[in-house]
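# Chains, contacts and geometry: an overview
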Amino acid sequence: MNTPLSEKELLSMLRNPQTQRQAFGIIVKQYSEQLYWQVRRIVLNHDDADDVMQNAMLKAWNNIDSFRSDSKLSTWLYRIVINESLDFVRRQKNMATISTDNEQTGIANTLMADRYFDGDEAQAKLQAAIALLPDVQRTVFNLRYYDDMKYSEISRVLNTSEGALKASYHIAVKKIAEYFKQHD
């Protein structure tokens, strides 16, 4: 079994034109799964998540030369996939004509109909509650709850203060709890 390369080794390979493609392939293999699940929790649908991931990886490849190592490579990749995911969701909301009253039912139905969704009704309800959160609260909640990221790391990904993130997470948890009370 191959040992994952360190970030320092990957960055060294990325800087070398002869090994840049190989390094990016390794990056995709090393980070794809965790990035996919972050995207999936934002866009909810498997096929949409695949599309967003493909666009995000293309964006990362096209901008790899501009990566300045100010942050970790994983932080930079998270920022790209989160921004791409949020852009996708905004475009979908602009095209959608679903009313707020039917939105939670539509989200839950979409999840339950997705052949790749392996959760139960409670999981679908949680995802529906999360999907109704504003973009920033949803993203903070997902990074903290599912990825168990520290606020300091989320701060680097989202380029905001830890205090603001803690407040967003706290508000998101309250909204999710309220959603469950209303839909029980």
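Conventions used here
- Residues numbered from 1 in each chain as written.
- Predicted model: local features only at pLDDT ≥ 70, side-chain atom pairs only at ≥ 80, totals over all residues.
- Heavy atoms only, no water.
- Salt bridge = Lys/Arg side-chain N within 4 Å of Asp/Glu carboxyl O.
- Helix = DSSP H or I, 4+ residues; strand = E, 2+ residues; numbered from the N terminus.
- Buried < 20%, exposed > 50% of the residue type's maximum accessible area, 1.4 Å probe, protein only.
- pLDDT = per-residue confidence, 0-100.
- Contact = heavy atoms within 4.5 Å.
- Arc of directions from axis to C-beta.
- Core = buried A, V, L, I, M, F, W, Y, C linked by side-chain atoms within 4.5 Å.
- Axes fitted to C-alpha atoms, helices over the stretch in contact; angles between N-to-C directions.
- Nonpolar A, V, L, I, M, F, W, Y, C, P; charged D, E, K, R; others polar.
- Phe/Tyr/Trp six-rings, centres within 6.5 Å; stacked < 30°, edge-to-face > 60°.
- Lys NZ or Arg CZ within 6 Å of the ring centre and 35° of its normal.

The next point concerns the pattern of salt bridges. Under the criterion given, the structure shown has seven salt bridges. Of the charged contacts in the structure, one is a salt bridge between Asp87 and Arg90, with a shortest N-O distance of 3.1 Å. With Asp87 and Arg90 both in helix 4 (residues 73-95) and three residues apart, the pair spans about one turn of that helix. Arg90 is the salt-bridge partner of Asp135, the closest N and O atoms lying 3.2 Å from each other. Note that Asp135 is positioned in helix 7 (residues 135-145) and Arg90 in helix 4, a separation of 45 residues in sequence. Residue class for Arg90 comes out partly exposed when judged on its relative accessible area of 39%. Connected via shared salt-bridge partners are Asp87, Arg90, Asp135 and Arg138.

With that settled, consider the confidence of the model for the protein. Taken residue by residue, the protein gives an average pLDDT of 84. The fraction at 70 or more is 85%. Below a pLDDT of 50 lies the segment residues 97-102, which in the model reaches one contact outside its immediate sequence neighbourhood of four places, other chains included.

It is worth spelling out unusual backbone geometry at this point. The phi dihedral of Ser69 falls on the positive side, at around 65 degrees, and the residue is not glycine. Tracing the chain through its elements places Ser69 in the loop between helix 3 (46-62) and helix 4. Its identity is not glycine, yet Asp148 carries a phi of approximately 55 degrees, on the positive side. Note that Asp148 resides in the loop between helix 7 and helix 8 (151-158). With a relative accessible area of 59%, Asp148 lands in the exposed category.

Burial in helix 1 (residues 7-15) covers these residues: Leu10, Leu11, Met13 and Leu14. Projection of helix 1 onto a plane perpendicular to its axis shows the buried side chains occupying an angular sector of 160 degrees, all on one side. Buried residues along helix 1 sit in contact with helix 2 (20-43) and helix 4.

On to the nonpolar core. In this structure, Leu35, Val43, Leu73, Trp76, Leu77, Val81 and Ile82 are the most contacted members of the largest nonpolar core, which totals 48 residues. The element contributing the most residues to this core is helix 4, with 10 residues. With near-sequence residues (within four places) excluded, Leu35 lies in contact with Met53, Met57, Leu77, Tyr78 and Val81.

Two quantities define a packed helix pair, namely the angle between the axes and the distance from one axis to the other. Relative orientation of the contacting elements helix 1 and helix 2 amounts to 145 degrees, with a least axis distance of 7 Å. Between helix 1 and helix 2, the residues in contact are Glu7, Leu10, Met13 and Leu14 and Gln20, Gln22, Ala23, Phe24, Ile26, Ile27, Gln30 and Tyr31, respectively. Partitioned by chemical class, the residues of the contact of helix 1 with helix 2 number eight nonpolar, three polar and one charged.

For the rest of this paragraph, the subject is the environment of Val140. Along the chain, Val140 turns up in helix 7. Between the alpha carbons of Val140 and Leu158 there is a distance of 8.6 Å; along the sequence they are 18 residues apart. Residue contacts for Val140: discarding those within four places in its chain leaves Ile154, Leu158, Leu165, Ser168 and Tyr169.

Our focus in this paragraph is the packing of aromatic side chains. Within the structure shown, the criterion is met by eight aromatic pairs. Seen in terms of ring centroids, Tyr151 and Tyr169 are 6.4 Å apart; in terms of plane orientation they differ by 75 degrees. Their pairing is edge-to-face. With Tyr151 in helix 8 and Tyr169 in helix 9 (residues 162-182), this residue pair connects regions lying 18 residues apart in the sequence. Pair check on accessibility: Tyr151 and Tyr169 agree, each one buried. Plain terms: the ring middles of Tyr179 and Phe180 are 6.3 Å apart, the flat faces sit at 75 degrees to each other, and that makes the pair edge-to-face. For Phe180, a relative accessible area of 27% corresponds to the partly exposed category. Chaining the aromatic ring pairs together yields one cluster made of Phe141, Tyr145, Tyr146, Tyr151 and Tyr169. Lying across the ring of Tyr151, Arg144 places its NZ or CZ 4.5 Å from the centre.

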